[in-house]
Amino acid sequence: MGFFPPDYKPASGESSGSKSEPNPKYWEFSSKHLGDGETISFRPCGIFDTGHVVTGYQYFTMEGRIRRFPKYPKDFAEDIGLTWEAKNAKPEALEKLEAEGKAKDRPKFFMSFINYFPDRKDFVCVTVTQKKVREQIEAILDMEDYFFMESGVANFTVTVKRKGTGTETTWTVTPTLKKPTAAFEEKWNAAKDGIWLTALYEGADPFAGKPAEAKVEGLPPTKRDELGADKELATAGVGEDW
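Residues numbered from 1 in each chain as written. Predicted model: local features only at pLDDT ≥ 70, side-chain atom pairs only at ≥ 80, totals over all residues. Heavy atoms only, no water.

**Q** What is the right way to look at the overall build of the protein in this model?
**A** Along the backbone of the protein there are 4 helices and 10 strands. Secondary structure elements of the protein occur, N-terminal to C-terminal, as β-β-β-β-α-α-β-β-α-β-β-α-β-β. Burial analysis of the protein (242 residues in total) assigns 37% to the buried set. Element-wise, carbon and sulfur atoms account for 51% of the exposed surface of the protein, whose accessible area totals about 15200 Å². (Helix = DSSP H or I, 4+ residues; strand = E, 2+ residues; numbered from the N terminus. Buried < 20%, exposed > 50% of the residue type's maximum accessible area, 1.4 Å probe, protein only. Areas by Shrake-Rupley, 256 points an atom, 1.4 Å probe, with all protein chains shown as cover.)

**Q** Hey, could you run me through the pattern of salt bridges in this one?
**A** Pairing is possible between side chains of opposite charge, provided their charged atoms come close. This structure, assessed with the given rule, holds 4 salt bridges. Between Lys-102 and Glu-100 there is a salt bridge; the shortest N-O distance is 3.9 Å. With a shortest N-O distance of 3.0 Å, Lys-108 and Asp-105 are connected by a salt bridge. Note on Asp-105: relative accessible area 25%, which makes it partly exposed. (Salt bridge = Lys/Arg side-chain N within 4 Å of Asp/Glu carboxyl O.)

**Q** Honestly, the nonpolar core in this entry has me stumped. Any pointers?
**A** Soluble, globular proteins show a tendency: their nonpolar side chains are buried together. Counting 26 residues, the largest nonpolar core has Trp-27, Phe-29 and Val-160 as the members making the most contacts within it. In terms of residue count, the dominant contributor to this core is helix 3 (residues 131–141) (4 residues). Not counting residues up to four positions away in its chain, the partners in contact with Val-160 are Trp-27, Phe-29, Leu-34, Glu-38, Thr-39, Ile-40, Phe-42, Trp-171, Thr-172 and Val-173. Judged by nonpolar contacts, the second largest core, of 15 residues, contains Ile-114, Val-153, Tyr-201 and Phe-207. (Core = buried A, V, L, I, M, F, W, Y, C linked by side-chain atoms within 4.5 Å. Contact = heavy atoms within 4.5 Å.)

**Q** Please clarify how the packing of aromatic side chains should be interpreted in this entry.
**A** Within the structure shown, the criterion is met by 17 aromatic pairs. Taking the centre distance of 5.5 Å and the plane angle of 85° together, the rings of Tyr-57 and Phe-109 count as edge-to-face. A residue pair is termed long-range when its members are at least 10 positions apart, and Tyr-57 in strand 3 (residues 53–60) and Phe-109 in strand 5 (residues 108–117) qualify at 52 residues. Given a relative accessible area of 28%, Phe-109 falls into the partly exposed group. Among the aromatic side chains, those forming a connected cluster through ring pairs are Tyr-57, Tyr-59, Phe-69, Tyr-72, Phe-76 and Phe-109. The ring of Phe-184 carries the charged tip of Arg-43 above its face, separated from the ring centre by 5.8 Å. Lying over the aromatic face of Phe-110, Arg-68 brings its terminal NZ or CZ to 5.2 Å of the ring centre. (Phe/Tyr/Trp six-rings, centres within 6.5 Å; stacked < 30°, edge-to-face > 60°. Lys NZ or Arg CZ within 6 Å of the ring centre and 35° of its normal.)

Everything listed is a geometric property; what it means functionally is a separate question.
Next comes the structure, spelled out in structure tokens:
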């Protein structure tokens with residue numbers, strides 16, 4: 001009977017620069033989560049009104065912690081981290097960037113929403129910051145045949161494909177009409193109250209459950225129509241039972 005579990009990895013075997021594995025409860029449109037030429041499919045579950053979709057602004061601090069806000073933050077200059085260019089600049093180049101006021105990053109708009117990942121057999125928080133990806137999601141929700149059912153589950157799945165690397169990376173989001181089974185809707189009904197994405201604004205765990213006095217924060221996701229006015233996106237209503 002040993003002290004350590006069978007899959008324990010000794011500290012002596014870890015390199016000082018090793019990175020931890022991504023948390024399976026979260027997924028982002030980034031190279032960390034999807035490689036060049038790879039695809040992944042999932043089903044959106046939940047809407048803004050139920051606390052399963054949030055939007056706002058985020059940034060990483062100088063210590064590498066992520067902070068999220070429902071609206072554009074104020075007084076972030078001292079707290080926010082460096083740009084990619086500044087992080088990789090030599091001392092002389094960094095001084096120049098600082099003198100020009102270009103060393104610090106800026107808050108970025110983000111959208112996080114809950115999805116079911118059949119490969120993980122679990123509900124996952126997906127976050128997107130890229131404008132072109134959000135435009136694809138908006139276009140899907142703007143189509144009449146693609147909507148969220150009364151259960152809060154989308155009547156479609158999406159497949160995401162990543163192509164290219166670095167600044168040449170492109171993302172393609174393709175929807176497929178696929179009505180969820182009654183069993184899956186029951187699965188979501190049993191899980192939904194244990195997920196509260198508004199907790200992201202507090203740096204808390206969104207999978208720790210919905211607080212008793214909880215209320216949604218921020219504004220519902222919107223897109224611009226042909227006349228340039230904001231309009232609210234529609235938010236109401238593989239090979240596996242999902």
